[in-house]
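# Examination of the molecular architecture
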Amino acid sequence: MKNILIDFTRLAEKCGFGEIADNYSQQLISIPDIQNMHFIFLVKEKHKGFAGNNVDYVSVEHLAHDLRKLNKKIDLWHSTDQLFIKRKHKKGMKNILTIHDLNFLHEKKGIHRLKTLWKMKWHIRRSDYITVISEYVKDDLLNHIDIGNKPLDVIYNGIKDTDLELQKKPEYIEMPADIVHKRISVPICVQGRGFLLFLRLGVKILVAADQGRFEFLCNRCDQRTEKRVLPGIPLL
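Residue numbers run consecutively from 1 along every chain, following the written order of its sequence. In view of the model being predicted, local features appear only for residues whose pLDDT reaches at least 70, and side-chain atom pairs are presented and counted only at 80 or more, with totals across whole chains, interfaces and linings using the full set of residues. Computation of side-chain values: all heavy atoms of the structure, hydrogens and water removed.

A separate point is the overall build of the protein chain. Put simply, DSSP H or I for four residues or longer makes a helix, DSSP E for two residues or longer makes a strand, and each gets a number counted from the N terminus. Per the secondary structure count, the protein chain includes 8 helices and 9 strands. Two residues form a contact once any of their heavy atoms are found within 4.5 Å. Taking the contacts inside the protein chain whose residues are at least 6 apart along the sequence as the reference set, 44% of them involve residues at least 24 apart.

In structure tokens:
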């Protein structure tokens with residue numbers, strides 16, 4: 001029996017990594033039995049037990065203590081994202097690292113860029129197998145980091161199939177026909193810096209935000225982009 005530890009510390013977080021952890025864990029839970037494999041989930045203390053009793057749990061807050069208490073040899077440790085790598089290294093244990101992007105190469109400068117690049121190289125060096133989520137990330141990785149002869153594969157993130165779910169328009173949206181068909185081509189909701197970026201690009205957008213927050217963002221831009229606001233949820 002092989003013991004496989006999977007990092008789900010991002011579970012239930014409202015971000016991309018959180019969505020991945022939620023989907024990944026639910027898929028594993030839905031499989032009744034995987035022969036010769038036993039799973040150990042690395043989670044926050046508050047999420048212990050979320051998948052039932054067929055798996056073991058160790059908490060990120062008390063990792064060393066929980067691993068000692070578990071007293072099981074871990075054969076494979078999967079770090080499911082590159083930003084938070086909390087893992088142990090022991091003889092005979094294999095490490096898989098999943099890399100989602102290398103945005104820091106294009107966003108950071110100077111010492112911050114070099115520091116993050118050094119950490120990424122170190123994590124790759126300490127891994128036995130590398131997976132990335134797209135061909136773009138694969139090319140970006142190979143163009144900037146020498147991974148040597150380490151195996152590298154593209155494994156796409158899964159998505160939730162909503163085709164069979166009941167489609168219902170949110171109650172807070174009232175969408176006049178003239179706005180939908182004449183003012184904008186595609187209604188989208190963006191927030192923060194993304195919102196400002198779309199304005200700079202001159203894209204006509206539909207924003208779900210309260211009036212005060214919408215005006216605050218608009219005042220930071222000196223664009224003539226046509227804007228319309230609908231009642232909705234505030235932007236964060």
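Right, picking up where we left off after that structure.
A few words now on the pattern of salt bridges. Any Lys or Arg side-chain nitrogen located within 4 Å of an Asp or Glu carboxyl oxygen qualifies as a salt bridge. This model, assessed by the stated rule, comprises 7 salt bridges. One salt bridge connects Asp-56 with Lys-72, and the closest N-O pair in it is separated by 2.6 Å. Of this pair, Asp-56 sits in strand S3 (residues 56-59) while Lys-72 sits in the loop between helix H2 (63-70) and strand S4 (76-79), and the two are 16 residues apart along the sequence. Three exposure classes are used, based on accessible area relative to the maximum for each residue type with a 1.4 Å probe and protein chains only: buried under 20%, partly exposed in between, and exposed over 50%. Residue Asp-56 is classed as buried on the basis of its relative accessible area, which comes to 19%.

A few words on helix H1 (residues 16-30). The length a helix should cover is 1.5 Å for every residue beyond the first. Taking 1.5 Å of rise per residue, the 15 residues of H1 would be expected to cover 21 Å, and the 21 Å separating its terminal C-alpha atoms lies within 8% of that figure. Burial in H1 covers these residues: Phe-17, Gly-18, Ala-21, Ser-25 and Leu-28. All buried residues of H1 project into a common sector of 100° when viewed along the axis, lining one side. Against strand S1 (2-7) and strand S2 (37-43) lie the buried residues of H1. Directions are taken from the helix axis to each C-beta atom, and the arc is the one they span.

The next thing to look at is the pairing of S3. Residues Asp-56 and Val-58 of S3 are buried on one face, and the alternating residues Tyr-57 and Ser-59, pointing to the opposite face, are buried as well. Note on pairing: DSSP must find at least two bridges between two strands before they are called paired. With 4 bridges joining them, S2 and S3 adopt parallel strand pairing. Counted as the bridge partner of Phe-41 is Tyr-57 from S3.

This part takes up the nonpolar core. Judged by nonpolar contacts, the single largest core of 16 residues is most densely connected at Ile-99, Leu-102, Ile-124, Ile-130, Leu-141 and Ile-145. Looking at this core, the elements with two or more residues in it are strand S5 (94-99), helix H3 (104-107), helix H4 (110-125), strand S6 (129-132) and helix H5 (135-144). By residue number, the principal contributor to this core is H4, which donates 3 residues. Ile-124 has contacts with Leu-97, Ile-99, Ile-130, Leu-141, Ile-145, Ile-147 and Lys-150, leaving out every residue within four places of it along the chain. Counting residues in hydrophobic clusters, the runner-up holds 12 residues, among them Ile-6, Leu-28, Phe-41 and Val-55. Buried residues of nine kinds, namely Ala, Val, Leu, Ile, Met, Phe, Trp, Tyr and Cys, make up a nonpolar core once their side-chain atoms join them within 4.5 Å.

Burial analysis of S5 places 5 of its 6 residues in the buried class, the great majority of the element. Looking at chain direction, S4 and S5 are connected through 4 bridges and run parallel. Counted as the bridge partner of His-78 is Ile-96 from S5.

Before going further, it helps to spend a moment on H5. For H5, every residue scored as buried is listed here: Val-137, Asp-140 and Leu-141. Projection of H5 onto a plane perpendicular to its axis shows the buried side chains occupying an angular sector of 100°, all on one side.

Take Asp-146: it is sitting in the loop between H5 and strand S7 (152-154). Note: C-alpha distance between Asp-146 and Arg-125 (21 residues apart in sequence) is 9.6 Å. Pairs of N or O atoms are called polar contacts if they sit within 3.5 Å, as long as, within protein, a hydrogen donor faces a hydrogen acceptor (for residues adjacent in sequence, only side-chain-to-side-chain pairs). In this structure the side chain of Asp-146 is engaged in a polar contact, spanning 2.9 Å, whose partner is the backbone nitrogen of Gly-148.

Between rings of Phe, Tyr and Trp, where Trp is taken as its six-membered ring, a pair exists when centres lie within 6.5 Å; planes separated by under 30 degrees are stacked, by over 60 edge-to-face, and by other angles tilted. Per the counting criterion, the structure on display carries 6 aromatic pairs. Measuring from ring centre to ring centre gives 4.9 Å for Phe-8 and Phe-41, while their planes differ by 80°; the resulting arrangement is edge-to-face. Here the residue Phe-8 occupies a position in the loop between S1 and H1, and Phe-41 occupies one in strand S2, the gap between them amounting to 33 residues. Each of the two residues, Phe-8 as well as Phe-41, counts as buried. Aromatic rings pair up to connect Phe-8, Tyr-24, Phe-41, Phe-50 and Tyr-57 into one cluster.

Here we take up the environment of Ile-29. Considering the arrangement of structural elements, one finds Ile-29 in helix H1. Here the alpha-carbon distance between Ile-29 and Phe-39, two residues 10 residues apart in the chain, equals 10.0 Å. Beyond its immediate sequence surroundings of up to four residues, Ile-29 is in contact with Phe-50 and Ala-51.

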